[in-house]
Amino acid sequence: MKSFLKTASRAVAALFAVALVTLGVASPAFADDVTGTVATGSSITIEHDGQPTGKTYNNLSDATADALSGDTIKLGEGEYTLYNVPSEGHTKGKNLTFEGLSTDKTTWQIGPKVPDPNKKGEYNSDYSFQDAGTVTFKYMTLNSASDGYLGFSHTTNTVVDHCVINGHTRYWGYETAVFKSTTFKAPAGNYAI
């Protein structure tokens, strides 16, 4: 009987773990084909008019869908992206601020970690802020893969404030891109922007 109970307990635990991973709750980190998820233990909150809304998210795409124009989305420790999340229903037409904890604790992946070798030019770019208003990044590290032509495409205005940018990035279809107190770490033998 003990053997049966032990086996049954293990089976239930395994099924529970699969359910958590499927729901994204226990996802260790985002992958290029899974969008808008974050490392386990990270928390995302929204401030509206400087006041917390009281809701905590563990999925960035859910938070951006709920955020109103002018809101600040506070990011906990971990790695974040909206790559492959459509701007429609999430960021389109919104002015949003994404605020991390610090450049050594919060990371944003611009576009894919590994660009598709079958796509060249702007086609590996990150369209998650297409037709957004002003998008501000604060207190985080932004990473771009080593391939050229990577960056945010068709964002109206971008502000990068007190951040580190690793890699070569391009800014397509912009009105403005402003960098305040930002450190650029260009790839060897290449430009940062």
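Now for a look at the structure at hand. None of these values were measured; they are calculated from a predicted model. (Residues numbered from 1 in each chain as written. Predicted model: local features only at pLDDT ≥ 70, side-chain atom pairs only at ≥ 80, totals over all residues. Heavy atoms only, no water.)

Concerning the overall build of the protein
- Per the secondary structure count, the protein includes two helices and twelve strands.
- From first element to last, N terminus to C terminus, the protein shows the α and β order α-β-β-α-β-β-β-β-β-β-β-β-β-β.
- Looking at the protein as a whole, 42% of its 193 residues are labelled buried.
- Pairs at least 24 apart in sequence give 57% of the contacts found in the protein among residues at least 6 apart. (Helix = DSSP H or I, 4+ residues; strand = E, 2+ residues; numbered from the N terminus. Buried < 20%, exposed > 50% of the residue type's maximum accessible area, 1.4 Å probe, protein only. Contact = heavy atoms within 4.5 Å.)

Observations regarding the sheet that holds strand S11 (residues 176-180)
- The seven strands are arranged S2-S1-S3-S5-S7-S9-S11 in an open sheet whose pairing can be described as mixed. Two strands in the sheet have a free side with no partner beyond their single neighbour: strand S2 (51-57) and S11. Averaged over neighbouring strand pairs, the angle between their axes works out to 15 degrees when direction is ignored.
- Relative to S2, strand S1 (residues 44-48) runs antiparallel, the two being bridged by four bridges. (Pairing = 2+ DSSP bridges. Axes fitted to C-alpha atoms, helices over the stretch in contact; angles between N-to-C directions.)

Observations concerning the pattern of salt bridges
- Enumeration over the complete set of coordinates arrives at five salt bridges.
- For the salt bridge of Glu79 with Lys113, the shortest nitrogen-to-oxygen distance reads 3.2 Å. Pair noted here: Glu79 is in strand S4 (residues 78-80) and Lys113 is in the loop between strand S6 (106-110) and strand S7 (134-138), with a separation of 34 residues, a long-range link.
- Overall, the relative accessible area of 18% leaves Glu79 in the buried class.
- The class of Lys113 is partly exposed, set by a relative accessible area of 38%. (Salt bridge = Lys/Arg side-chain N within 4 Å of Asp/Glu carboxyl O.)

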